[in-house]
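An overview of the molecular structure
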Amino acid sequence: MKMLNAAILILVLFYPSLSTEWPTHTVCKENNLEIYYKSCDPVQDFALSIDGCANILTNTFNVRAAMVLRHNITELSMNINLIINGKSILAYSQKLCEPNGRRFIFCGKKKGEHIYYEGPVTLGIHELPQGEYTVSVKLYNGDHLTVACANFTIKNK
């Protein structure tokens, strides 16, 4: 029995490393709006959910996000790229955490700690034209190591 348990444990531990990419997760799919995401970090996925698509464009909506850190966050920067209908439209970068500043609750977190956020988010978008949008988000620390990376696909039909 112990050998069977050990074999199952080894299979479970090594199975994710056999996969070449993470699955695509559905954030929401209602009416004409669909939002999906896939981690672009080859080693780590993360969890994200929202309370329905209906309020995303005009109101504040609730988000839940969680992950385990693989790297310290003394400094944290964010790069966002927006692609609309296959054309690159926007590239945006911002520093989120600095060594002496704690702008967000995750600044200063250490490798192995859990990050969990549950609360309201307001995007301030009042209208989303029809089309397919790809938003690539990459968070990296001061050593340029990837903390989180995701590609979001938004389809407004």
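Below you will find a few notes about this structure. Predicted model only: the values in this text are computed from it and were never measured.

Some details on the nonpolar core
Counting residues in hydrophobic clusters, the biggest one holds 29 residues, and the most contacted among them are Ile35, Ile50, Ile73 and Ile154. Breaking this core down by element, the ones donating at least two residues are strand S1 (25-30), strand S2 (33-39), strand S4 (61-68), strand S5 (76-84), strand S6 (87-97), strand S8 (131-141) and strand S9 (146-156). With five residues, S9 is the single largest residue contributor to this core. The contacts of Ile154, once residues within four sequence positions are left out, are Leu33, Glu34, Ile35, Leu128, Gly131, Glu132, Tyr133 and Val135.

Considering the environment of Trp22
One can find Trp22 in the loop between helix H1 (2-18) and S1. On a C-alpha basis, the gap between Trp22 and Ser39 in space is 6.1 Å, while along the polypeptide they are 17 residues apart. Trp22 has contacts with Lys38, Ser39, Asp41, Pro42, Val43, Gln44 and Asp45, leaving out every residue within four places of it along the chain. A distance of 2.8 Å separates the side chain of Trp22 from the backbone oxygen of Asp41, its partner in a polar contact. In this structure the side chain of Trp22 is engaged in a polar contact, spanning 3.5 Å, whose partner is the backbone oxygen of Gln44.

Re the sheet that holds strand S3 (residues 47-50)
An order of S3-S4-S7 is seen for the three strands of this open sheet, with the pairing classed as antiparallel. Looking at which strands have only one partner, the edges of the open sheet turn out to be S3 and strand S7 (114-121). On average, adjacent strands in this sheet sit at an angle of 10° to one another, irrespective of strand direction. Bridge count between S4 and S7: eight bridges; the pairing is antiparallel. Residue pairing across strands places Val63 opposite Gly119, the latter belonging to S7.

Quick look at the pattern of salt bridges
Overall, the coordinates contain five salt bridges when judged by the stated rule. Lys38 is the partner of Glu21 in a salt bridge, and the nearest nitrogen-oxygen pair spans 2.8 Å. Of this pair, Glu21 sits in the loop between H1 and S1 while Lys38 sits in strand S2, and the two are 17 residues apart along the sequence. In this structure Lys38 comes out as partly exposed when scored by relative accessible area, which is 23%. As a salt-bridge pair, Lys95 and Glu75 come within 3.1 Å of each other at their nearest N and O atoms. A residue pair is termed long-range when its members are at least 10 positions apart, and Lys95 in strand S6 and Glu75 in the loop between S4 and S5 qualify at 20 residues. Since its relative accessible area comes to 35%, Lys95 is described here as partly exposed. Judged by its relative accessible area of 28%, Glu75 is partly exposed.

What about the environment of Ala150?
Assignment of secondary structure puts Ala150 in strand S9. Considering only alpha carbons, one finds Ala150 and Cys40, 110 residues apart in sequence, at a separation of 5.1 Å. Residues contacting Ala150, with those up to four places away along its chain left out, are Lys38, Ser39, Cys40, Phe46, Val135, Ser136 and Val137.

Overview of the pairing of S1
Taken together, the five bridges between S1 and S2 define a ladder with antiparallel strand orientation. Note that in S2 the partner of Cys28 across the bridge is Ile35.

Quick notes on the state of the cysteines
Per the counting criterion, the structure on display carries two disulfides. The disulfide partner of Cys40 is Cys149, and the gap between their sulfur atoms is 1.8 Å. Here the S-S torsion is close to -90°, and the disulfide linking Cys40 with Cys149 is therefore left-handed. With Cys40 in the loop between S2 and S3 and Cys149 in strand S9, this residue pair connects regions lying 109 residues apart in the sequence. Accessibility expressed as a relative area gives 11% for Cys149, which makes it buried. Between Cys97 and Cys107 runs a disulfide, and the two sulfur atoms are separated by 2.0 Å. The S-S bond linking Cys97 to Cys107 shows a torsion near -75°; that makes this disulfide left-handed. On the criterion of sequence distance, the pair formed by Cys97 in strand S6 and Cys107 in the loop between S6 and S7 is long-range, its members being ten residues apart.

Rules of the game
Residues numbered from 1 in each chain as written. Predicted model: local features only at pLDDT ≥ 70, side-chain atom pairs only at ≥ 80, totals over all residues. Heavy atoms only, no water. Core = buried A, V, L, I, M, F, W, Y, C linked by side-chain atoms within 4.5 Å. Buried < 20%, exposed > 50% of the residue type's maximum accessible area, 1.4 Å probe, protein only. Helix = DSSP H or I, 4+ residues; strand = E, 2+ residues; numbered from the N terminus. Contact = heavy atoms within 4.5 Å. Polar contact = N/O pair within 3.5 Å; in protein donor to acceptor, adjacent residues only side chain to side chain. Pairing = 2+ DSSP bridges. Axes fitted to C-alpha atoms, helices over the stretch in contact; angles between N-to-C directions. Salt bridge = Lys/Arg side-chain N within 4 Å of Asp/Glu carboxyl O. Disulfide = S-S within 2.5 Å.

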